[in-house]
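Residue-level structure breakdown
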Amino acid sequence: MQVLTNKGFRIIFFTYCCLTEQRAKVADIKRNLSAAYSAGVHASEQERNVPMNKKPFVTYDKLQEIVKEFPTPFHLYDEKGIRENAKALKEAFAWNKGYKEYFAVKATPNPFLIQILREYGCGCDCSSMTELMLSKAIGATGDDIMFSSNDTPEQEFAYAASLNGIINLDDITHIEKVEKAVGKLPKKMSCRYNPGGIFKISNDIMDNPGDSKYGMTEQIFEAFRIMKAKGVEEFGIHAFLASNTVTNDYYPLLAQKLFELAVRLKEEVGVHIGFINLSGGVGIPYRPDQEPNDIRVIGKGVEKVYNEILVPAGMSDVAIYTELGRFMMGPYGCLVTKAIHEKHTH
């Protein structure tokens, strides 16, 4: 890991030690980058008459300086952008006293970058033993860890429990597995919910949870009854219904479903819902015609349904969690490499 200082902001990057040889049929990166940075717009986009608003966080001239000292290929990250985005997310959900972002470690398993997010109160969303070990290595334990896995060896449940992390169950049969692995159920646990069917925003199909391998359907009611009888005192609800949505409506609509479910679970099972985890799904624009998500608008949308559903039900103490991955890092990293051959087939 190296840190460069450039006019008041730092750019963090690390290099790969072992890489296979570069393949043929790659573009001349120097030529393409130079044209893109100098013109500020791609010719193909001009032809489509589509405005290009996405700008790289590093200039071509700066890259030329960097590669003189560090051999390509390497990943480059914009620390200033990462920090500003984490701050904006925190501000967007500041209305909720218990709000916490659990960064999806699988999205960028780089401890130096995750440590930046931890400065803004972020925890770690883990789905494997390796991710749990990485989180422990950077000092994340207890409620700073959310462990969600859908095909989990017993030793991983045991390890998550040894770190006092929150275990999020994907299947009702996992209750017995955790009890066997740990000896008893932790006082605080969560279950992943799958409403089934097709998840739509207006007339647009976002995803098909009914075909998903993740989460419990109405089984979650029986799961909570069993867990309550076995000593669990604080319950959480989690759901992941769509990936990389580029709309400000996804989180509010998901929140509505989960808030309504939470009220039913409280009333029908008599459990205390301590937190509701909206998981990930808030994406980033990959095409120039896509408008980026506005996290502040999203936060306001979730707040609105929170006040409409949970507050009247006497559940104003429920904490909101998120598990964003690419939204936190995607726009602020790039792979820097050089073309070493230009192949002419004919």
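Residues numbered from 1 in each chain as written. Predicted model: local features only at pLDDT ≥ 70, side-chain atom pairs only at ≥ 80, totals over all residues. Heavy atoms only, no water.

1. Remarks on the layout of surface pockets
Taken as a whole, the second largest pocket spans an internal volume of roughly 480 Å³. Looking at the second largest pocket, it is lined by 25 residues, and the ones nearest its centre are Ala104, Lys106, Asp125, Phe240 and Ser279. Listing elements by their share of the lining of the second largest pocket, those giving two or more residues are β5 (123-126) and α12 (326-329). Per-class residue counts for the lining of the second largest pocket are eight nonpolar, 12 polar and five charged. (1 Å grid on protein atoms, 1.4 Å probe; cavity = no way out; pocket = protein on both sides within 12 Å on 5 of 7 lines; lining within 4 Å. Points joined across faces, edges and corners; volume = space filled by probe spheres on them. Helix = DSSP H or I, 4+ residues; strand = E, 2+ residues; numbered from the N terminus. Nonpolar A, V, L, I, M, F, W, Y, C, P; charged D, E, K, R; others polar.)

2. Focus on the environment of Asn277
With respect to the helices, strands and loops of the structure, Asn277 is situated in strand β12 (residues 272-277). Look at Asn277 and you get buried, because its relative accessible area is 0%. With 44 residues separating them in the primary sequence, Asn277 and Tyr321 have C-alpha atoms 4.4 Å apart. Apart from the residues lying within four places of it in its own chain, the contact partners of Asn277 are Met146, Ile237, His238, Ala239, Leu258, Tyr321, Thr322 and Glu323. (Buried < 20%, exposed > 50% of the residue type's maximum accessible area, 1.4 Å probe, protein only. Contact = heavy atoms within 4.5 Å.)

3. Description of the pattern of salt bridges
Throughout the structure, instances matching the rule amount to 21 salt bridges. The residue Glu179 makes a salt bridge to Lys230 at a minimum N-O spacing of 3.2 Å. With Glu179 in helix α8 (residues 174-182) and Lys230 in the loop between α9 (219-229) and β11 (234-238), this residue pair connects regions lying 51 residues apart in the sequence. Residue Glu179 is classed as partly exposed on the basis of its relative accessible area of 27%. In this structure, Glu268 and Arg264 form a salt bridge, with 3.4 Å as the shortest nitrogen-oxygen distance. Highlighted residues: Glu268 and Arg264, both in helix α10 (residues 250-269), separated by four residues, approximately one helical turn. On the accessibility criterion, Glu268 (45% relative accessible area) is partly exposed. Look at Arg264 and you get partly exposed, because its relative accessible area is 33%. Connected through salt bridges with shared partners, the residues Glu79, Arg83 and Glu119 form a single ionic network. (Salt bridge = Lys/Arg side-chain N within 4 Å of Asp/Glu carboxyl O.)

4. What about the confidence of the model for the chain?
In this model, the chain carries a mean pLDDT of 85, and residues with pLDDT of at least 70 account for 79%. Scored below 50 in pLDDT, residues 1-52 shows 88 contacts in the model against residues more than four places distant or in partner chains. (pLDDT = per-residue confidence, 0-100.)

5. Regarding the packing of α9 against α10
At a minimum axis separation of 11 Å, α9 and α10 run at an interaxial angle of 50°. With respect to their mutual orientation, α9 and α10 come out oblique. Considering the relative orientation of α9 and α10, their crossing is right-handed. Packed against α9, whose contacting residues are Ile220, Phe221, Phe224, Arg225 and Lys228, the element α10 presents Leu261, Arg264, Leu265, Glu268 and Val269 at the interface. (Axes fitted to C-alpha atoms, helices over the stretch in contact; angles between N-to-C directions. Parallel < 35°, antiparallel > 145°, perpendicular 65-115°, else oblique. Left-handed = near helix turned anticlockwise from the far one by under 90°.)

6. Comments concerning helix α6 (residues 129-137)
Three or more residues of α6 are buried, namely Glu131, Leu132, Leu134 and Ser135. All buried residues of α6 project into a common sector of 160° when viewed along the axis, lining one side. Pointing more than 90 degrees away from the buried face of α6 are the exposed residues Thr130 and Ala137. Next to the buried residues of α6 lie α5 (111-118), β5, β6 (145-148) and α7 (154-162). Two residues or fewer past α6, Gly139 is found with a positive phi of approximately 95°. (Arc of directions from axis to C-beta.)

7. Digging into the side chain of Ser190
Mapping Ser190 onto the fold places it in strand β8 (residues 188-192). A polar side-chain atom of Ser190 sits 2.8 Å from a polar atom in the side chain of Asn168. In this structure Ser190 touches Ile166, Ile167, Asn168, Leu169, Gly236, Ile237, His238 and Phe275, once residues within four positions along its chain are discounted. (Polar contact = N/O pair within 3.5 Å; in protein donor to acceptor, adjacent residues only side chain to side chain.)

8. Some points on helix α4 (residues 79-92)
With 14 residues, α4 extends 20 Å from end C-alpha to end C-alpha; this agrees with the ideal 20 Å at 1.5 Å per step. Turning to α4, its buried residues are Glu79, Gly81, Ile82, Arg83, Asn85, Ala86, Ala88, Leu89 and Ala92. At the N-terminal end of α4, a side-chain oxygen is found 3.2 Å from the backbone nitrogen of Lys80, two or three residues along, and the residue is Asp78. (Expected span 1.5 Å × (residues − 1).)

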